[in-house]
Amino acid sequence: MLRKYSFIIILGVIVFLHSCQSSTETDPVSIGFSQCINQDIWRLSMNHEMTVEASLHPGVDLTIYNANRKVKKQIQDIERMIQEKRDIIIVSPFESDSVVPVIEKAVLKGIPVIIVDRKVNTSNYTAYIGADNVEVGRIAAKHIVSLSKGNANVVEIKGSSSTSPGFERNLGFRQLLDKYPGIKVVTMEARKDELALEDFLKILNRFPDIDYIFAYNDVIAYQTWMVLKKRGLEKKIKIIGVDGLNVPSGGLQLVKEGILNSTVLYPTGGSEAVKLALKLINKEVVPKNNKLNTILIDSLNADIMSNQFDKITIQQSDIEQQQIRIENQEKEYSTQNNLLKVLISLLIIVLSLAIYSVYSRIMISRKKQELEETNKKIKHQRNEIKKFSNELKQSNEARLNFFTGLSHEFKTPLTLILSSVESLESEFKNKGIAINKEINLMYNNSRRLLRLINQLLDYRKMEGEKFTLRASQTNLLDFSKSIVCDFDREAKKKNIDFSLTTNNENLEVYIDRNLMDKVYFNLLSNAFKFTPENGKIAISIKEDKTNNTVHIHFKDSGIGIPEKEIKEVFNAFYQGSNNYRNSSGIGLHLSKSFIDLHKGTIDVVSKNGAEFIITLPLGKDHLDEKSIVKEAVLDYVHQSDYLDAEVIQKQEPQHHEDRYSILYIEDNNDLLDFVSNKFSNEYTFYTSDGTNAVEYALELIPDIIICDLNLPELNGFQISEKLKKDLRTSHIPIIILTSSDDQDSYLKALDSGADVFLTKPFNLKVLAQSIKALLFNREKLRYYYTNNIINIEEGTFGITEQDFLKKLNEIVEKNLDNSAYTVEDLAKSLAISRVQLYRKVKAILGISISDHINNIRLEKSKELLKKSDMTISEIAYAVGFSTPNYFSTLFKNKFGISPKEYKLK
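Residues numbered from 1 in each chain as written. Predicted model: local features only at pLDDT ≥ 70, side-chain atom pairs only at ≥ 80, totals over all residues. Heavy atoms only, no water.

### Remarks on the overall build of the chain
Summing up its helical and strand segments, the chain has 29 helices and 24 strands in all. Burial status across the chain gives 48% buried among its 905 residues. Intrachain contacts of the chain at a sequence separation of at least 6 include 69% that bridge at least 24 residues. (Helix = DSSP H or I, 4+ residues; strand = E, 2+ residues; numbered from the N terminus. Buried < 20%, exposed > 50% of the residue type's maximum accessible area, 1.4 Å probe, protein only. Contact = heavy atoms within 4.5 Å.)

This is how it looks when you write it as C-alpha cells:
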C-alpha cells in the first residue's frame, strides 16, 4: 500500500513539475549581428547596448560577429548566419556594395535583415535604423555659420566615400556651406577612420589662417587637437567632431574639457535595433526606414547631456546587476531542478525527500517571480526617465519660444521711447516746446513695458504657487465700471460700440480685486487688439440665482479663434495661428489661473468673434476663511495703455511735385504716427497698416517703401518679394524694419529683394540717412540711363530696370516712324496703365515718358543726319515727328545747334 501511495505521489510530483516547466518556457529567439569594425569605442558602445537590451528579454540569444574591417570576413559571417537559420540578422556593413548579394540571399530565404548605421546600395532588406548622416553634416555646418557669421576658413576631414556615413556627412556639410561664399572649405580624407597626419600637416602649412576643423568622428577630432597642441594652435582653431559618446575620452567629455568646441551626437542605435528585431519576430508592422534623432553638443548643453547619460548608464548598470542576479537564480534553479530529478528517483525509497523537493521547487518559483517583478519595476523606472527627459525638452523649447516672443514685444515700445528721447533733445535745443505728444508716447509705452514685466513676474509667481487670494466683498458692476472707463478712449478712437450691462446692479461677490483687475485687463486688451474699427465689444453680467453663480461675458466681433485651437487657448505660450502680432502668450493662462484661485471657471466660444465667459460662485462658503479680508488692499492701477484723446489727429499727406514720396507700412499706430510726423516736413509721406499694402504701393508708386516685418496679412519679406517681382514697382528701394536681428532674417531680407535691413530699436538718424542714400543711388541710376538712352549695357544697376528700358526702347524704335503712336499705345504694349508707366519712367529717368520718347527720336535723328543722304524733312518724318519745324525746334533746344548745321558740321 505504501509503495502504491508513494508511486501516486511521485507520479503527481512529476506531472506537476512537467506542467510548471512547460508553462514557463518560451520559444527562443536567435539574433545574429555582423559588426563591421571591432576596435572602435563607438562600435563597442553599440555592441554593449545590444547586449544589455537583449538581456532584458528572456529567450533572446544574441551572437555578435566582428569582421574587423574585412569585407570577406563579414560576407562569411552573414553566410554562416544564413546556414545556422537565424531568426533575424542585423548587419552594420563596412562597404555599401560588397555585402549586397549576401543580404539579398538572406531575404530571399525568408530571414528578415536589419541594416544598422551604414547604408547599402539596395532596397532589398527588411528595415534600416540609424541617424541621418546628411543632417549630421548640416548641423555641423549650421554651427560654423552661426559662430563665424558667414566668414571663415574651414578644414573638413571626411570619412571614406565608399561608406554611406563618409559620403553623406560630407554631402550635408558642403550643401549648406556652399551657400556662403565667405566660408572657404578645404577637404581631406581620413584613412581607416584615423587622421592622415602627413596630409593634415601639409594643409596646416599651406593654409595658416584656419578657423574651424570638422572631423568625421571624435577620435579623429582628438587626434587633430593633439597635432594642433604641438604647434600651439589648439586655442586658435575650433574643432567639431561627431559621435558624442559619454565615455572617458569620448566626444561629450572632450567638449566638457574644452578640447573640442562641439560634437554632433550620433546615437549607435544598438538598443533600438534589438527592439526592432523583436517587433519583426512578433509579426508587428515596422517602417522600412527608422531615423534616430541627433543634436549638437557644445559647452551650453554638455553638462545637461552628460547628466542625462549618466542617469541612463546608472539605470543600465542596475539592470545588468539584476540580470546577473536572475542568471544566478536561474543557474541555482537549474541545479535544484537536477537535484530534484535525483530526489524523485530516490523518492521511491524515501518519500520525505520527494516532499522536500516539492517544497524547494515552490520556493524557487516564488523567488523567480519576485525577481521578474523587480525587473518590471526597473523597466518602468527606465520608461519614466525617458518620459521625463522628453517633457523636459518640450518645456525648455516652450520657455525659449516664450522669451523670444516677449523680447519681440519689448522692442517696439523701446523703439518709441528711445526715438522720443532722441527727438526731445533736438526739440529742446531748437524749439523748447511741442514735446507733449512725445512725452505721452514715452509714458504710455513705459507702462506697456511695466505691464509685460508684471505679467512675467506673475507667471513665475504662479509657477511657484506663491499667490495668496485676498478676496473682499465687492459690487461687481461698480468694479467693472472702474476698469471699463479706461478703455472708452480707445473705443471712441476706433469707433467701436463698447457696452456694459447687468441684470442686477446691486450684485455683491467676493473677489480679489487686484487679480480680477488683471483678468479684466487681459480680456479687454485682447478684444480691442483683435476687433477692427466700427466693431463691437460687450460686457454683460448675468446673475444665475438657480445655481447661485454669476456669469461675466466678454464678447467681441474680432477675428475669433480657430475651432481646432479652442482647447489650447489657455495654455501657456499659446498664440493663435491667425494672430500675426507678437505677444507673450501668458495673459490668458494667467487669467485662468486667477479664476481657478476664486474656485470659478473661464470658458471660450468663437462664433463671429470670440466670447470669454467667467463663472464665479456667489457668497463666501467656497473660499477659505484665511483668504477673505474685510478691507481690500489695492496695489493695482488699472490704467490704459493707449494715448490720450487729445493727441494730434493724423493729417493727409501734403503733395509737392518737387518732394520725394515715401510709403510706410506698419501695424503699430504709435510708431506709424511718430515716424510719419518726423518725416512729413521733408517728404510726401503715405502710411499703411499692412492691409492691402501691395495694392496701395501699386496705386501710389512711391520713391521709397519702409516696411515692418510682422504684419496682419503678408509679412515684410512677402511684400518685398511681390513688389520687386512686379514690373511696375521693381525699381522702388525697400527698407525692412524688424525686431528679429538674427542671421536668417537678414538673409531672407536679401533674398526678398530688400535694399536695407534695420533692426528695432532703430535710430532715426540712421533711418533718415538710409533713405537719403537710397535716393542718391536712384539719382545715379537716372543719370546713367538718361546719358545712355539707346545703348544700355549689361551688368549695370538694376537688372529689372534694364529689361524694362530695353523693352520700352525696342517698342518705341519699332514704332519710331509712326507719329500717331501715343503714350497710351505704349502702355498697352507694356501691359500697364498710363499713370503707372508715367510714374515708372519718372522714377527711373527723372523725366516724363513723352520726353523720353522724344529723346530717342532725337538720338536716332543724329545718326541719320550723319550717315544718310535723306533731307531734314525726310528724317523728321522718319523718326516720328509730325512736322519738320517742330523737329528742328526740339533738336536745337536739346543739342544747341540746328539739324542743318549739325549735318554740315
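From this point, things continue past the structure.
### Looking at helix α6 (residues 164-177)
If you check α6, its first and last C-alpha atoms are 20 Å apart, about what 14 residues at 1.5 Å a residue would give, namely 20 Å. Within α6, 10 of the 14 residues are buried, leaving the element largely enclosed by the surrounding structure. Within α6, the full set of buried residues consists of Ser164, Pro165, Gly166, Glu168, Arg169, Asn170, Gly172, Phe173, Leu176 and Leu177. Contact partners of the buried residues in α6: α5 (133-148), β6 (152-158), β7 (183-189), β8 (212-215) and β9 (238-243). (Expected span 1.5 Å × (residues − 1).)

### Looking at the confidence of the model for the chain
In this model, the chain carries an average pLDDT of 79, and 80% of its residues clear a pLDDT of 70 or more. Within the chain, the lowest mean pLDDT, 50, falls on helix α1 (residues 2-24), and the highest, 93, falls on β8. Considering only residues more than four positions removed or in separate chains, one finds that residues 20-24, a stretch of pLDDT under 50, has two contacts. Note that pLDDT drops below 50 for residues 635-651; the model gives that stretch 42 contacts with residues more than four away or on any other chain. (pLDDT = per-residue confidence, 0-100.)

### Side note on the sheet that holds β7
Sheet architecture is open: six strands sit in the order β7-β6-β8-β9-β10-β12, paired in mixed fashion. Each edge of the open sheet is held by one strand with a lone partner, namely β7 and β12 (296-298). Across the sheet, the mean angle from the axis of one strand to that of its neighbour is 20°, orientation sign disregarded. Looking at chain direction, β8 and β9 are connected through three bridges and run parallel. If you follow Ile213 over to β9, its bridge partner there is Ile239. Packed on one face of the sheet, helix α8 (residues 218-230) meets β6, β8, β9 and β10 (262-265) and runs near 155° to β9. (Pairing = 2+ DSSP bridges. Axes fitted to C-alpha atoms, helices over the stretch in contact; angles between N-to-C directions.)

### Let's talk about the sheet that holds strand β23 (residues 734-738)
An order of β21-β20-β22-β23-β24 is seen for the five strands of this open sheet, with the pairing classed as parallel. Each edge of the open sheet is held by one strand with a lone partner, namely β21 (684-688) and β24 (756-759). Pairs of neighbouring strands in the sheet enclose a mean axial angle of 20°, with direction left out of account. Two strands pair when backbone bridges link them, and strand β20 (residues 661-665) and strand β22 (residues 704-708) are joined in this way by four bridges, in the parallel orientation. Looking across to β22, one finds that Leu663 is bridged to Ile705. Its contacts with the sheet put helix α18 (residues 669-679) on β20 and β21, and the angle it makes with β21 is roughly 170°.

### Some remarks on a negative patch on the surface
Taken together, the side chains of Glu533, Asp689, Glu695 and Glu713 define an acidic patch exposed on the protein surface. With respect to the element layout, Glu695 can be found in helix α19 (residues 693-700). (Patch = residues over 30% accessible without salt bridge, like charges linked within 9 Å, V, L, I, M, F, W, Y side chains within 5 Å. Areas by Shrake-Rupley, 256 points an atom, 1.4 Å probe, with all protein chains shown as cover. Salt bridge = Lys/Arg side-chain N within 4 Å of Asp/Glu carboxyl O. Lys, Arg positive; Asp, Glu negative; His and termini not counted. Charge placed at Lys NZ, Arg CZ, Asp CG, Glu CD.)

### What to know about the side chain of Asn217
Inspection of the secondary structure assignment puts Asn217 in the loop between β8 and α8. Look at Asn217 and you get buried, because its relative accessible area is 6%. Reaching out from Asn217, the side chain makes a polar contact with the backbone nitrogen of Ile220 at a distance of 2.8 Å. The contacts of Asn217, once residues within four sequence positions are left out, are Asp193, Gly241, Val242 and Asp243. (Polar contact = N/O pair within 3.5 Å; in protein donor to acceptor, adjacent residues only side chain to side chain.)

### Focus: the pairing of β22
A large share of β22 lies buried, amounting to five of its five residues. Residues Ile704, Ile706 and Asp708 line one face of β22 and the alternating positions Ile705 and Cys707 line the opposite face, and both faces are buried. Summarising the sheet, β22 and β23 pair through four bridges and their orientation is parallel. Within the sheet, the bridge partner assigned to Cys707 lies in β23 and is Ile736. Where the polypeptide runs from β22 across helix α20 (residues 716-725) and back to β23, its parallel neighbour, the crossover connection is right-handed. (Right-handed = clockwise from strand over helix to strand, strands pointing away.)

### A word on the packing of aromatic side chains
Applying the stated criterion to the full structure yields 11 aromatic pairs. Here Phe679 and Phe685 contribute two aromatic rings whose centre-to-centre distance is 6.2 Å and whose plane-to-plane angle is 10°, an arrangement assigned as stacked. For the pair shown, Phe679 and Phe685 are each scored as buried. Among the aromatic residues, ring-to-ring pairing joins Phe487, Phe498, Phe521 and Phe528 into one connected group. The ring of Tyr266 is capped by Arg169, whose NZ or CZ atom sits 4.3 Å from the centre of that ring. Taking NZ or CZ as reference, Lys288 lies 4.4 Å from the ring centre of Tyr125, over its face. (Phe/Tyr/Trp six-rings, centres within 6.5 Å; stacked < 30°, edge-to-face > 60°. Lys NZ or Arg CZ within 6 Å of the ring centre and 35° of its normal.)

### Overview of the pattern of salt bridges
One pass over the full model with this rule turns up 15 salt bridges. Arg382 serves as the salt-bridge partner of Glu53, at 3.6 Å between the closest nitrogen and oxygen. A residue pair is termed long-range when its members are at least 10 positions apart, and Glu53 in helix α2 (residues 41-55) and Arg382 in helix α12 (residues 351-430) qualify at 329 residues. In this structure, Lys256 and Asp303 form a salt bridge, with 4.0 Å as the shortest nitrogen-oxygen distance.

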